[in-house]
Amino acid sequence: MKSNTREATGQHTRECGVSAALKQGQITPTELCQKCLSLIKKTKFLNAYITVSEEVALKQAEESEKRYKNGQSLGDLDGIPVAVKDNFSTSGIETTCASNMLKGYIPPYNATVVQKLLDQGALLMGKTNLDEFAMGSGSTDGVFGPVKNPWSYSKQYREKRKQNPHSKNEDSDWLITGGSSGGSAAAVSAFTCYAALGSDTGGSTRNPAAHCGLVGFKPSYGLVSRHGLIPLVNSMDVPGILTRCVDDAAIVLGALAGPDPKDSTTVHDPINKPFMLPSLADVSKLCIGIPKEYLVPELSSEVRSLWSKAADLFESEGAKVLEVSLPHTSYSIVCYHVLCTSEVASNMARFDGLQYGHRCDIDVSTEAMYAATRREGFNDVVRGRILSGNFFLLKENYENYFVKAQKVRRLIANDFVNAFNSGVDVLLTPTTLSEAVPYLEFIKEDNRTRSAQDDIFTQAVNMAGLPAVSIPVALSNQGLPIGLQFIGRAFCDQQLLTVAKWFEKQVQFPVIQLQELMDDCSAVLENEKLASVSLKQ
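On a predicted model such as this, the values are computed, not experimentally measured, just so you know.

**Quick notes on the packing of aromatic side chains**
Using the criterion set out here, one finds 17 aromatic pairs in the structure. On the basis of an interplanar angle of 5° and a centroid distance of 5.8 Å, the ring pair of Phe314 and Phe503 is categorised as stacked. A residue pair is termed long-range when its members are at least 10 positions apart, and Phe314 in helix α9 (residues 301-316) and Phe503 in helix α17 (residues 493-507) qualify at 189 residues. According to the relative accessible area criterion, Phe503 is buried, its value standing at 0%.

Structure below.
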């Protein structure tokens, strides 16, 4: 997809990505769709998709093909395969939130972000897997089973494992994707689509992006509509974007951003359209902030080293690098837990077996039906968060827990304001504590402990409503992706992505090599351009 300089500007255009291939007739939308559908089938064992909308996608591809033939392309996303996390409503397509509670539920409308993608001509390949109701950080707790990280089967990782005499090299020793948008991350990483929507409440787009070697972007709260995103935490939920490069994320953001009369939290669109990222010519004018509180003991030595090298890179190019303080960071995990579970308890109350979704067979009384429906429909994680939230919201606890957490949230948000007011343009932090871990190791901890550990660097951003993006930096000693996070000022999404684009160009993160996984990968993607990092590079 990657943004290009258009002929309309009078500048030389050099496109060699899939958007250009479509425009120049090198491949048709139907052929591209079929290639991605073929890859979806070949990578089915990754469990990235809950529903594959093959007929819908092929019909959309046919319509896109007609537009291209008539010279009426809708833009950079026309004919481009995309995937959507299964907690966004899709008209006529089952939307489950990976829960028994919503198995069989078919929404009568599209989420605003889904509709905007379709209005731009994108092809909906399917709905992706997640933790149940997006409550988790590994994409392991959904009713359809865990998602496997494509990097588990990459040439880079497998070669490193062969060099390790202690590695068992068992098929069961696959890696998690991170979560809760792990299905979307796996779908993009395995080349089954070019972009995917996730949701981000405390890091659920950035976390799997870091583990799967992708760009994971969380827009400013209010820039993109939440209408049709089945809510987890209304005051923190944001539709997220997963792509293989920063320019692609920018193009998708350009399609999604803007006010929505169906979502009162959206604001007037402060970005220019079409959303084109300029090249950052002079890094020396930048000031990069390094939050000292993010240097935690649990941070792996490899991530710490790459974080330091990234700061040195900016400094060597003339940027000013400052240590800054976010003094209330240590309270963010507890604060997030109280606020998150409180809103969860409220949002999950709608699933009562009366209006839609699962309903048990017990008809002794309404109360008995409620209880049995929710016991059968929700997993232990969801029920646990509902119980916690209702405890915090009890009359005798409300002031001591919920109100105090709201006050701490304001302090956390003010920490960021103070940091940016000190002259900092963007903050540079780790995204996760380490690279992706094997599934069998991950499930040794309970869901709440895992989420608290894995989202330690990402949750505060959601509480402050700021934009943030995770950029893949390098491969670890095990041959696995490590990502770093950039955090920007509220509604300065374009500036943030411009800095991220410059950084991405410097680090030159390698493309995942999945040839051993897909024997005829080269046949499926015989045009190297179509397997490239971007759509328009």
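**Observations regarding the confidence of the model for the protein chain**
In the predicted model, the protein chain carries a mean pLDDT of 91, and 90% of its residues have values of at least 70. Confidence drops under pLDDT 50 across residues 3-15; counting only partners more than four residues distant or on other chains, this segment forms 24 contacts. The low-confidence segment residues 520-529, where pLDDT is below 50, has 14 contacts with residues more than four positions distant or belonging to other chains.

**Focus: the packing of helix α8 (residues 246-256) against α17**
Between two packed helices, what matters for the description is the angle formed by their axes and the separation of those axes. Between α8 and α17, whose axes approach to 9 Å, the crossing angle comes to 160°. Put simply, α8 runs roughly antiparallel to α17. Note that α8 runs across α17; the crossing there is left-handed. Along the contact surface, α8 presents Val246, Asp247, Ala250 and Leu253, while α17 presents Asp493, Leu497, Ala500, Lys501 and Glu504. Its residues placed into classes, the contact of α8 with α17 shows five nonpolar, no polar and four charged.

**Side note on the UniProt feature "active site" (unreviewed entry) in the protein chain**
With numbering aligned to this structure, UniProt lists the feature "active site" (unreviewed entry) at Lys85, Ser180 and Ser204. A maximum C-alpha distance of 11.1 Å is found for the annotated residues, which run over 120 residues; spatially they form one tight group. Here Lys85 shows up in strand β2 (residues 81-85). Given the relative accessible area of 0%, Lys85 is considered buried. For Lys85, the contacting residues outside a window of four places in its chain are Lys127, Thr128, Leu130, Ala134, Ser180, Ser181, Ser184, Leu197, Gly198, Ser199 and Ser204.

**Section: the sheet that holds strand β1 (residues 49-52)**
With mixed pairing, the eleven strands of this open sheet are ordered in space as β1-β3-β2-β4-β6-β5-β10-β11-β9-β7-β8. Strands with a single pairing partner mark the edges of an open sheet, and in this sheet they are β1 and β8 (320-324). Each adjacent strand pair in this sheet contributes to an overall mean axis angle of 30°, direction not counted. Here strand β10 (residues 468-475) pairs with strand β11 (residues 481-487) via seven bridges, running antiparallel. Pairing of Val469 across the sheet is with Phe486, part of β11. Together, β4 (195-200), β5 (215-218), β6 (238-243) and β10 form the strand contacts of α8, whose direction differs from that of β6 by roughly 145°.

**Quick look at the nonpolar core**
Soluble, globular proteins show a tendency: their nonpolar side chains are buried together. Formed by 104 residues in total, the largest nonpolar core has its most connected members in Phe133, Phe314, Phe416 and Phe486. At eight residues, the largest contribution of residues to this core is made by α8. For Phe486, the residues in contact, after removing those within four places along its chain, are Phe314, Val426, Leu427, Leu428, Pro467, Ala468, Val469, Ile471, Leu496, Val499, Ala500 and Phe503. Core analysis: the second largest hydrophobic core is formed by 30 residues, Cys33, Ala61, Ile80 and Val147 among them.

What counts as what
Residues numbered from 1 in each chain as written. Predicted model: local features only at pLDDT ≥ 70, side-chain atom pairs only at ≥ 80, totals over all residues. Heavy atoms only, no water. Phe/Tyr/Trp six-rings, centres within 6.5 Å; stacked < 30°, edge-to-face > 60°. Helix = DSSP H or I, 4+ residues; strand = E, 2+ residues; numbered from the N terminus. Buried < 20%, exposed > 50% of the residue type's maximum accessible area, 1.4 Å probe, protein only. pLDDT = per-residue confidence, 0-100. Contact = heavy atoms within 4.5 Å. Axes fitted to C-alpha atoms, helices over the stretch in contact; angles between N-to-C directions. Parallel < 35°, antiparallel > 145°, perpendicular 65-115°, else oblique. Left-handed = near helix turned anticlockwise from the far one by under 90°. Nonpolar A, V, L, I, M, F, W, Y, C, P; charged D, E, K, R; others polar. UniProt positions renumbered as here; feature names shortened; annotations may be inferred. Pairing = 2+ DSSP bridges. Core = buried A, V, L, I, M, F, W, Y, C linked by side-chain atoms within 4.5 Å.

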